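Here are the chains, one letter per residue:
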Amino acid sequence: MMLTGDLFGESPDSKPQQLCLAEGALILCGFVREIDNLLLSEIETIVLKAPFRHMITPGGYRMSVAMSNCGSVGWVSDRRGYRYAACDPDSGRPWPTMPALFLDIAKRAAAGAGFENFVPDACLINLYEPGTRLSLHQDKNEHDAGAPIVSVSLGLPAIFLFGGAKRNIRPQRYPLEHGDVVVWGGPARFNFHGILPIAEGSQPLLGSRRINLTFRKAL
Ligand code: MD3
Ligand code: FE
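Per chain, residue numbering runs from 1 following the sequence as it is written. The order in which chains are written sets their letters, starting at A; the order in which ligands are written sets their numbers, starting at 1. It should be noted that, the model being predicted, local features are given only for residues of pLDDT at least 70 and side-chain atom pairs only at 80 or more, the latter also being counted only at that level, while totals for whole chains, interfaces and linings use all residues. In computing side-chain values, all of the structure's heavy atoms are included and hydrogens and water are not.

Colleague: Explanation requested: the site of ligand 1 in the structure shown.
Modeller: Think of it this way: one heavy atom of a residue within 4 Å of a molecule or strand is enough to make that residue near it. Not every one of the 19 residues close to ligand 1 is listed here, only the nearest: Asn126, Tyr128, Arg189, His193 and Arg210. Definition of a polar contact: a pair of N or O atoms within 3.5 Å, with one able to donate and the other able to accept a hydrogen when the atoms are protein atoms, and with sequence-neighbouring residues admitted only if both atoms are side-chain atoms. One nitrogen or oxygen atom from the side chain of His193 is found 2.9 Å from an oxygen atom belonging to ligand 1. Compared with its free state, where it exposes 500 Å², ligand 1 has 98% of that area covered by protein. Numbering of helices and strands runs from the N terminus; a helix is a DSSP stretch of H or I covering at least four residues, while a strand is a stretch of E covering at least two. Looking at the shell around ligand 1, the elements that each hand over two or more residues are strand 6 (122-128), strand 7 (134-137), strand 8 (149-155), strand 12 (193-195) and strand 13 (210-216). With four residues, strand 13 is the largest single contributor of residues to the shell around ligand 1. When grouped by side-chain class, the residues that make up the shell around ligand 1 number eight nonpolar, seven polar and four charged. Accessibility throughout is a Shrake-Rupley quantity obtained with a 1.4 Å probe, and a residue counts as covered only by protein chains that appear here. Note on residue classes: Ala, Val, Leu, Ile, Met, Phe, Trp, Tyr, Cys and Pro are nonpolar, Asp, Glu, Lys and Arg are charged, and everything else, Gly too, is polar.

Colleague: Sorry if this is basic, but what is going on with the sheet that holds strand 11 (residues 181-184) here?
Modeller: Note: strands within a sheet are paired through backbone hydrogen bonds, in either parallel or antiparallel orientation. Across the sheet, seven strands lie side by side as 1-2-11-8-13-6-3; this open sheet has antiparallel pairing. Strand pairing shows two members of the sheet lacking a second neighbour, strand 1 (18-22) and strand 3 (66-71), which therefore form its edges. On average, each strand axis in the sheet is inclined to that of its neighbour by 20°, with strand direction left out of account. Two strands pair if DSSP finds at least two bridges between them. Summarising the sheet, strand 8 and strand 11 pair through four bridges and their orientation is antiparallel. Note on strand 11: the bridge partner recorded for Val152 is Val181. Whether two residues are in contact is decided by their heavy atoms, any of which lying within 4.5 Å being enough. Between the N-to-C directions of two axes lies an angle of 0 to 180 degrees, each axis being a line fitted to C-alpha atoms and, for a helix, fitted only over the stretch in contact. In this fold helix 2 (residues 100-112) packs onto strand 2 (25-28), strand 3, strand 6, strand 8, strand 11 and strand 13, with an angle of close to 115° to the strand it touches most, strand 8.

Colleague: What's the story with the sheet that holds strand 12 in this structure? I'm lost.
Modeller: Spatially, four strands are ordered 7-12-9-10 in an open sheet, and the strand pairing comes out antiparallel. The open sheet has two free edges, formed respectively by strand 7 and strand 10 (172-176), since each of these has just one partner strand. Strand-to-strand twist in this sheet, taken as the mean axis angle between neighbours without regard to direction, amounts to 20°. As paired strands, strand 7 and strand 12 are joined by two bridges and run antiparallel to one another. Of the residues in strand 12, the one forming a bridge with His137 is His193.

Colleague: Help me understand the coordination of the iron ion (ligand 2), please; the structure alone is not making it clear to me.
Modeller: Tetrahedral metal sites with four donors have an ideal angle of 109.5 degrees; octahedral sites with six donors have ideal angles of 90 or 180 degrees. The coordination sphere of the iron ion (ligand 2) contains the protein donors His137 (NE2), Asp139 (OD) and His193 (NE2), at a distance range of 2.0 to 2.3 Å. Sites may look incomplete because water is not among the atoms; the donors themselves are N, O and S atoms within 2.8 Å of the metal, or within 3.2 Å for Na, K and Ca. Site description for the iron ion (ligand 2): donor spacing in sequence, H-x1-D-x53-H.

Colleague: Can you help me understand the pattern of salt bridges in this one?
Modeller: Side chains that differ in charge, positive against negative, can pair when their charged atoms come close. We count a salt bridge whenever a side-chain nitrogen from Lys or Arg sits within 4 Å of a carboxyl oxygen from Asp or Glu. As enumerated under the stated definition, the model contains eight salt bridges in all. A salt bridge links Asp90 to Arg53; the nearest nitrogen and oxygen atoms lie 3.6 Å apart. Within this pair, whereas Asp90 is found in the loop between strand 5 (81-85) and helix 2, its partner Arg53 is found in the loop between helix 1 (36-49) and strand 3, the two being separated by 37 residues in sequence. Here's how the labels work: a residue is buried when its accessible area is under 20% of the maximum for its type, exposed when over 50%, partly exposed in between, all with a 1.4 Å probe on protein chains only. For Arg53, a relative accessible area of 11% puts it in the buried group. In this structure, Asp78 engages Arg83 in a salt bridge whose closest nitrogen and oxygen atoms are separated by 2.7 Å. With relative accessibility at 22%, the residue Asp78 sits in the partly exposed group. Relative accessible area serves as the criterion here: at 24%, Arg83 is assigned to the partly exposed category. Each of Asp139, Glu142, Arg189 and Arg216 takes part in salt bridges that share partners, so that together they form one network.

This is the structure we're talking about:
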């Protein structure tokens, strides 16, 4: 006989598997934990063709996060501004194709949060090492404001800062762990957000690194 709490498919003292941060913003805990090695091998293939690099902000600063992209367009930054571009500015070649596995994860995660028919055309790949941070910003270079952004966290844990629609709203802090997927849609899509400096540590698959994938519909 079942004596305790399996109603939500959890073992008695496991954490909840989904956490709603705001209307349209949902953390799917451990959504890709079981396929982490498949994701990492796809990432390794992509960065052989389009290596991680530190882009320059329009203000002239070198970003501490190193980035690459796959998909029909990729996010780029330089002195001229932020934008999506079909070619890698370092090689002049198109960004690597988005793997079928990536598309499948992004679609399933979005559907799980109520966004059916999400078809991303861009995947930004962020690489963090201990000390790397991403300061508070908004993502507003995408044309389709109705489409969510899906993010996948791998490797070292991070503390995610989730602010409001204006920069002056004090952000809430949420831990993001290896295998977590977050869907950002609805009113929260344009909220300020960032990542605190990554703490020293080691993760079994990625060592002392964190990799974040963000799937976007840019065009
Ligand atoms: C909330 N990346 O690439 S992912 C970014 O972990 C970015 O690398 C962070 O912010 C990272 O732009 C955070 C989570 C995320 C992505 C997009 C959002 C949260 C968001 C858009 C709106 C609100
Ligand atoms: Fe962002």
